[in-house]
Amino acid sequence: MPSWDPSLYLKYADERTQPCRDLIHRVQLTAPEDVVDLGCGPGNSTAVLAARWPLARITGLDSSAEMLARAHAAMPRIHWQQGDIASWTAEPAEEAAPDTAGNGASPAAAADGAGRPQLVFSNAALQWVPDHFELVPRLFAQVAPGGALAVQVPAQVNAPAHVIMRELTQSAAWRSYFPMGSVRDWHVHEPGVYFDLLSPLTSRLDMWLTDYMMYLPGPQSIVDWYQGTGMRPYLDALPSDELRRVFMADVLAEVAVTYPARSNGMVEFPFRRLFFVAYR
Ligand SMILES: C[S@@+](CC[C@H](N)C(=O)[O-])C[C@H]1O[C@@H](n2cnc3c(N)ncnc32)[C@H](O)[C@@H]1O
């Protein structure tokens, strides 16, 4: 089964990192001491966090060993941790006050947020984690008082490329390879869902949508883009590299028709992203 490929992902490193820069720019925290980057991937988002807050203790967490190896090679001094966002909770910082048994943060320290990150950050990762109704309030609860949860997820499920992939799985040629439930879901909701989840909990909630207008060298670039991310659930469901190759060729044929070239031959590839920053 294919796993995350850092080189494929970083082929469009600048385009993929720009939303992360935009999200960090909007976070109104002066000097967070502890920051966690959930779904840090190859460390591109973590590097932007480290540049903005050079004195912060930063942890990059990801489930992919391949991604973490690339991140560690680029920034060995950051604390990298393999783990699942779905079960992640903030660990007390080492210097947190010990409890009476001397084996952890005291209940009082936990209650006032000691050991919790001031910034829980996640760029382009939560769409892979199920049950946002449970997940998002739980991540917010991990934030220290005065801190923030800052998230960006692609809001692309109805973009033409996604419609192409979904419809191909229902075509006569492909439907036997994609039985019901074989393609992992993409977890993103309308902005109002996040508003309803967070507004009762937060002192301030900033939320926005941005369409990034990307101009790529040709339709193959769009397939390459998705091969590194949004096409993975489809490719993972297929049993062989040969079938993956044919599936990508079929996607390319449709993408070439749906995303026509502009006057200079570049293909216009709009990409919508949802952002929110919730303060505690
Ligand atoms: C699209 S990359 C984002 C990388 C980086 N944050 C950025 O801004 O470009 C998504 C990352 O989320 C990770 N990921 C997906 N599901 C995860 C989970 N349940 N727990 C931890 N990491 C996860 C993947 O391994 C991948 O590295």
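In this text, all values refer to a predicted model and were calculated from it rather than measured experimentally.

### What about the sheet that holds strand β1 (residues 34-38)?
Strand pairing in a sheet relies on backbone hydrogen bonds, with the paired strands running either antiparallel or parallel.
Right, so step 1: The mixed open sheet is built from seven strands, whose spatial order is β3-β2-β1-β4-β5-β7-β6. Edge strands, defined here as strands with exactly one partner in the open sheet, are β3 (79-82) and β6 (204-216). When the angles between neighbouring strand axes are averaged without regard to direction, this sheet yields 20°.
Right, so step 2: Alignment of strand β5 (residues 148-154) against strand β7 (residues 267-279), held across seven bridges, turns out to be antiparallel.

### Focus on helix α3 (residues 44-52)
Right, so step 1: The complete set of buried residues in α3 reads Asn-44, Ser-45, Thr-46, Ala-47, Val-48 and Leu-49.
Right, so step 2: Looking at the buried side of α3, the elements it contacts are α1 (6-10), α2 (13-26), β1, β2 (57-62), α4 (65-74) and β4 (119-123).

### A word on the site of the ligand
Right, so step 1: What surrounds the ligand is a group of 21 residues, the closest being Gly-39, Gly-41, Ser-45, Ser-64 and Trp-128.
Right, so step 2: If you list the elements that add at least two residues to the shell around the ligand, you get α2 and α3.
Right, so step 3: Here the residues of the shell around the ligand are counted per class, giving 10 nonpolar, eight polar and three charged.

### Notes on the environment of Val-136
Right, so step 1: With respect to the secondary-structure elements, Val-136 resides in helix α6 (residues 132-141).
Right, so step 2: According to the C-beta neighbour criterion, Val-136 is buried, with 22 such atoms within 10 Å.
Right, so step 3: Between the alpha carbons of Val-136 and Val-151 there is a distance of 9.6 Å; along the sequence they are 15 residues apart.
Right, so step 4: Excluding its chain neighbours within four sequence positions, the residues that come into contact with Val-136 are Tyr-194, Leu-197 and Leu-198.

What counts as what
Residues numbered from 1 in each chain as written. Predicted model: local features only at pLDDT ≥ 70, side-chain atom pairs only at ≥ 80, totals over all residues. Pairing = 2+ DSSP bridges. Helix = DSSP H or I, 4+ residues; strand = E, 2+ residues; numbered from the N terminus. Axes fitted to C-alpha atoms, helices over the stretch in contact; angles between N-to-C directions. Buried ≥ 20, exposed ≤ 12 C-beta atoms within 10 Å, placed from the backbone. Contact = placed C-beta atoms within 7 Å. Near = placed C-beta within 6 Å. Nonpolar A, V, L, I, M, F, W, Y, C, P; charged D, E, K, R; others polar.

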